[in-house]
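Report on the structure
Chain by chain, the residues run as shown.
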Amino acid sequence: MTLSSSFKTPIAIIPVLVSLIILGPVLLAIWFGVFSPSGLSWDHILNNRLLPYSLTTLFMLAVTGMLIVLIAVPLAWLISLFDFPGRKIFEWCLILPLAVPGYVLAYSWANLASVAGPIQSAFRDLTSLSARDYWFPDIFTPAGLSVILALGLFPYVYITARAAFSNQSLATLEAARSLGMSGIRLFFKVAIPAARPAIIAGLALALMEASADYGAADYLGVQTLGVGIIRAWSSYGEPTSAARLALVLIGLAFSFMLIANLAQGKSGVQQNSYRWTTPQRTQLTGLHAGLACLHCISIMLIAFGIPVLRLLWLCLENGVPRRSVFDPVISSIILASAGTAFAFICALTLVLSNHYRQRAPWITRLSAAAGYATPGAVLGLSGLFLLQMLGQSLTGIIALLLLVWIYASRFTAAGTEPLYASLTRAPASLDHAARSLRVGRISRFYRVDLPILSPGALAAGLILFVEILKELPATLMLRPFGWDTLAIRAHAYASDERLVEATLPSLLIVIAGILPVLLLSYQITRSGEALK
Amino acid sequence: MTSNSKALRVEAISKRYGKRTVIDSVSLDLQPGEITALVGPSGAGKTTLMRLIAGMEKLDRGTIRSGDTILSTEAAHQPIEQRNIGLVFQDFALFPHLSVTGNIMFGLHTKDRAERQSITQDWIDRMRLGNRRDAFPHQLSGGEQQRVAIARAMAPEPHALLMDEPFSGLDPELRHATRQTALSVVREAGIPALFVTHDHAEALRHADQIAVLNAGTIAQSGSPDELYMKPNSLSVATALGDIQSVDTAQLPDALKAELPDVPKLFMRPEALKLDPNGQHEFKVIRANRAGTLCELTLAAGNAELVCGYILDQLPPVNTSVNVSINSHYVFSWPVSDL
Amino acid sequence: MTEQVMSYFKTILSLIFLGGLSACTPPPTESSETLTIYSARHYDSDQIIYQTFEQMHGVKVEVREANADQLLETLKAEGDNSEADLVIASDAGALWRFSDAGLTQKVSAPEIVSQIPAAYHDPDGDWFSLSRRLRLVAFDPDMFRASDLDTWGKLADPAKSGEICVRSSSNIYNLSLMSEMIARVGPDEASEWAAGIVANMARQPQGGDTDQIRAVAAGECGIAIANHYYWARLADSGVGADRAVADATRLVVPGFGDDLGAHINITGVAITKTAGNVDLALDFVSFLLSDEGQALLVEETKELPLTSQISAEAAAGDTDNIASVERSSVALSRFGENQAEAQILFDLAGWN
């Protein structure tokens, strides 16, 4: 491409600047972790806490990853290659659990599955056993946390595996069938290996999210690194120790990012646009159809229906809460809007610069992913350091701007994805076609780029809004005076053993999340057809 | 022929990527109203040459001019949007957010409204897209997309038209009709046109001029007849049709005597004429139909020769046929060219 | 050139947006007085306290709610720039950490101090008690009698093996209990006691105080250690199942085997070092100690009032006569001073 000449102007620096804005808090956290002097408690944390934190986190990630694969891959297989009653509905609604933040799932399932909760109570009533006479899985454990996180995050793998099953491996599957392979063997010998890069890419994203979790682990009393960082800051009062702990988490998250990128490169996303066909699905009947349907329903219920309905029930059972959620709703909307606007501008700048420039500087390709990989607690820490350096209090407007900055740093990547996705509809030849028709830069932006980006822009905006709405740890650390968001309110109530009060803010977050998730689902389903 | 038609001249241009020279001192003359086919093996630089002419790439040496206007030199590069060269892409590159009408009208922004509409209407009619005017690209068949792409490129009256494998994505049935429509439109406009193709029959049948590109250089250019009958190298001969290499030592002496005395010869299928009076009698090893022609594999000494004929009936295998040599289709080149 | 123009456009847009955002936030009004409170409480009824005070004094009350640890860190980070006037925390140990970090100021306010019973004074005068919180035992009356559980020591008795549900040792309520234990019986005996409790646990510590009470009702254990108001909230709940939990359990406030009173904690308030208007802050403290303030403080929380007997029984849902229990003379500041030692002893005893 010949645009390079125009990038020799100082304007070329703008995408680089945006990248630096995004990378700033990440680099700051690393810098503080490496160079700041040890706090008093660091020795204690190093000797007594670091290993348990790390082992718990690794155990949690391993179990979460395993569960996600076990839930998502067979589900994707079922949905992409078989037809059964309700398949079309399950296809999109299996993504719904993405709308429920991990901590909300934890509140609900902890309530449901605890010894005094409805499940165990009903069990005791049915069997007349006492609570001491039977074993029941304990949710307040690392394994319990893993189940919760897997329920919330499995759609990441479901989405990528489904795409892989219904596209590039189709021909391979048909070839394998013609060679007499079928059923389970087909699944393990051909389908899984063919879809492996896609599964790994989705899994790495999901585990990146899992390692960033604070709310669910804190509520379930599981001492992960995410919890440890906040504790080091708040209980030990040592942000520098927190920053050192954060280094471990950053290392972990970055390796997931690397794995995701490598796997994505291998998954061969490019499809022959002339060869797109909707896969011929095998029609299931009778018992098989019933089982397939039941399987999907069960997962939907466990990951979404039951926990959300439980919260709704708790909320309604106790009547209308006295304290208005008006203030936190307004705070949430303002903060999420500001964060969305800033992150969106960053995302658009990066996407356009990378799309139109053959050899974009590495920093513009890396920055968003690095910010996304860095857990909110770590970025919040950077915000606090900055605040201290600026000699500012948390009551001021500066804290607000910092928080918006942190949001952009963390979530810009979530905005770039849908934008890139819309641009796949626009091969480079499209721009050349427009240029050969003597249409100038500015007109091309309005006549080609904007219309093509607009569906992606809508999705990007909504996804950013909801991601920021759900964000807990960074908001917890940096929110300015009187800016409690719904997430903060839910967390505060739940930590205060007042689950009932926590239900309304939690439900509002879920409701706000459903629309963008559905839109995303629709886009993903449709993107296949548009390639025809 | 419209008044603004001018020749497109490519003069000794070169392009390097890093140390690799992909286009090496290529010259090409594209005359108004003439269709030139650019053929050659994959990786020969066909697409790069096209991108250089279109202005998508800058060249390292040489000049490209349209009439008296200089498009590219080492020092100056006129951007694509100022060249007024129509482009048709392999993937058509239709704007997914615009209807058929919107796509065709896209490049007419310099015209006033009424003119814009009448030109668009004219192209919709010429390309028989009347009932598809409001359809979006993803709703169109491949042939329809192709016609929209050509209409869009031609509507602004470009000085030249470049097409990158424009027909390769189409079904064979559609291909012929679409190609006819497209090329007749180009001829009518009287502008120089260049298309890249892999299909030698397509190049031979439709081009006024063929340029064979090999390893970044023009191996040979000229009329289809000239190139088919007098290829200057194996690469040119291969690019334009089937050709077999024959180890002369393996041939029977009688046949050898009629052929040039070189160790290696190249024959097109037409080289052995079926001739009841032919002096050579060879056994048929295989006989099958290959479209219009029938393909016979004959045992000539220790060599197997493949020949093509129009036959009503295939000769049985293991019978013998009499043939004579048609030396127009027998080539030999200096060893250095092989 | 489009990208360049757009980049400029975006930059300008973002500046406008953020500028607009800052314009929306009301600037600090120097003229009308503002009382800024950092509170570790999150109760709807507290909003009424603030509103009532605003109306009484014609001032603006700004509140930041977070847990005590986070408020402490925030105050430390803000240093002299902090706008906080008051800190409210729901534990003497937590308040001690604020004064220990030098974030509070001593204020001479004899007329306020005189309202507060002597056992609830901070000996250093760094903060004021506002309401009472009892740490006690909720038990299954089918398995135990109150007399089996009327000292903390009896809970460590091997006869209670497999019967105790309690939350994790890092929780401030447990730390304060252990701190008083250390003050009363010395570190050695306190360690033995903690080990005895660990040996009697029905399960590994998990969840909050309410979860422990629920576990007793569910039959998983016979004894729960919890603060009284968690039980009181269950008893007052709109949900039938919650009231059933309270109905299925009885309360007893354990002593320490002497006649020196029980372990009672407080919610208290401190005036920060950076407080701009100390008099206004003291007015607020006085209001909280008035009958009206006390009623609002305990109405929703189910804490026990400190200066007034109003609604004490109603507040506690007092079926077991716990409101009249006396506090020991162990200084409340000891809860904070002994906190680090308490955590170490818990860790050594294996109390997770």
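Residues numbered from 1 in each chain as written. Chains lettered and ligands numbered in written order. Predicted model: local features only at pLDDT ≥ 70, side-chain atom pairs only at ≥ 80, totals over all residues. Heavy atoms only, no water.

1. Side note on the domain arrangement of chain A
Residue and element names in this part refer to chain A. Each domain of chain A was delimited in the assignment, giving domain 1 (1-34 + 319-532) and domain 2 (36-269 + 293-317). Contact with domain 1, which involves 47 residues of that partner, is made by 48 residues of domain 2. Across the domain 1/domain 2 interface, buried area totals approximately 4,100 Å², and carbon plus sulfur atoms make up 75% of it. When the buried surface of domain 1 facing domain 2 is broken down by residue, Leu499, Leu507 and Val510 rank first, second and third, together holding 12% of it. For the pair domain 1 and domain 2, the interface holds zero salt bridges. On the surface where domain 1 and domain 2 come into contact, there are four residue pairs in polar contact (both at pLDDT 80 or more). When residues of the side of domain 1 that touches domain 2 are traced back to their parent elements, those giving at least two are helix 2 (13-35), helix 15 (362-373), helix 16 (376-389), helix 19 (441-470), helix 20 (473-478), helix 21 (486-495) and helix 22 (499-530). Among the residues forming the side of domain 1 that touches domain 2, the class breakdown is 34 nonpolar, ten polar and three charged. (Domains from an automatic or database assignment. Contact = heavy atoms within 4.5 Å. Buried area = accessible area lost by both parts, 1.4 Å probe. Salt bridge = Lys/Arg side-chain N within 4 Å of Asp/Glu carboxyl O. Polar contact = N/O pair within 3.5 Å; in protein donor to acceptor, adjacent residues only side chain to side chain. Helix = DSSP H or I, 4+ residues; strand = E, 2+ residues; numbered from the N terminus. Nonpolar A, V, L, I, M, F, W, Y, C, P; charged D, E, K, R; others polar.)

2. Considerations on a nonpolar patch on the surface
All names here are of chain A. A contiguous nonpolar patch, built from Ile297, Leu301, Ile302 and Ile306 and spanning about 280 Å² of accessible area, is present on the exposed surface. As for its position among the elements, Leu301 is in helix 13 (residues 286-317). Leu301 gets classed as partly exposed once you look at its relative accessible area, which sits at 38%. (Patch = residues over 30% accessible without salt bridge, like charges linked within 9 Å, V, L, I, M, F, W, Y side chains within 5 Å. Areas by Shrake-Rupley, 256 points an atom, 1.4 Å probe, with all protein chains shown as cover. Buried < 20%, exposed > 50% of the residue type's maximum accessible area, 1.4 Å probe, protein only.)

3. Digging into the interface of chain A and chain B
Contacts between chain A and chain B engage 22 residues on the former and 28 residues on the latter. Carbon and sulfur atoms make up 60% of the surface buried where chain A meets chain B, a total of about 2,400 Å² over both sides. On the surface where chain A and chain B come into contact, there are two salt bridges. The tally of links from chain A across to chain B stands at eight residue pairs in polar contact (both at pLDDT 80 or more). Contributing elements (two or more residues each) for the side of chain A that touches chain B: helix 18 (428-436) and helix 19 of chain A.

4. Here's the deal with the environment of A:Phe154
If you trace the backbone, A:Phe154 turns up in helix 7 (residues 142-166). For the pair formed by A:Phe154 and A:Val73, sequence separation is 81 residues and the distance between their alpha carbons is 9.1 Å.

5. Examining the sheet that holds strand 11 (residues 244-247) of chain B
Residue and element names in this part refer to chain B. One open sheet holds the three strands; their spatial order is 11-12-18, and the pairing between them is antiparallel. Both outer strands of the open sheet, strand 11 and strand 18 (330-331), are each paired with one neighbouring strand and no more. Sheet topology places strand 12 (residues 264-267) next to strand 18; two bridges connect them, and they run antiparallel. Among the inter-strand pairings, Phe266 is bridged to a residue of strand 18, identified as Phe331. (Pairing = 2+ DSSP bridges.)

6. With respect to the pairing of strand 4 (residues 127-139) of chain C
Residues and elements named next belong to chain C. Of all 13 residues that make up strand 4, 13 are buried, and the element is covered over most of its length. Pairing of strand 4 with strand 8 (residues 264-271) involves seven bridges; the strand directions are antiparallel. Of the residues in strand 8, the one forming a bridge with Ser131 is Thr267. Here two bridges tie strand 4 to strand 9 (residues 304-305), and the two strands are oriented antiparallel to one another. Bridged to Ser131 within strand 9 is Pro305. As judged from the five bridges shared by strand 4 and strand 6 (residues 223-227), these two strands associate in the antiparallel manner. Across the sheet, Val137 pairs through a bridge with Ile225, a residue of strand 6. Pairing geometry for strand 4 and strand 7 (residues 250-252), over three bridges, is antiparallel. The partner of Ala138 across the bridge, within strand 7, is Leu251.

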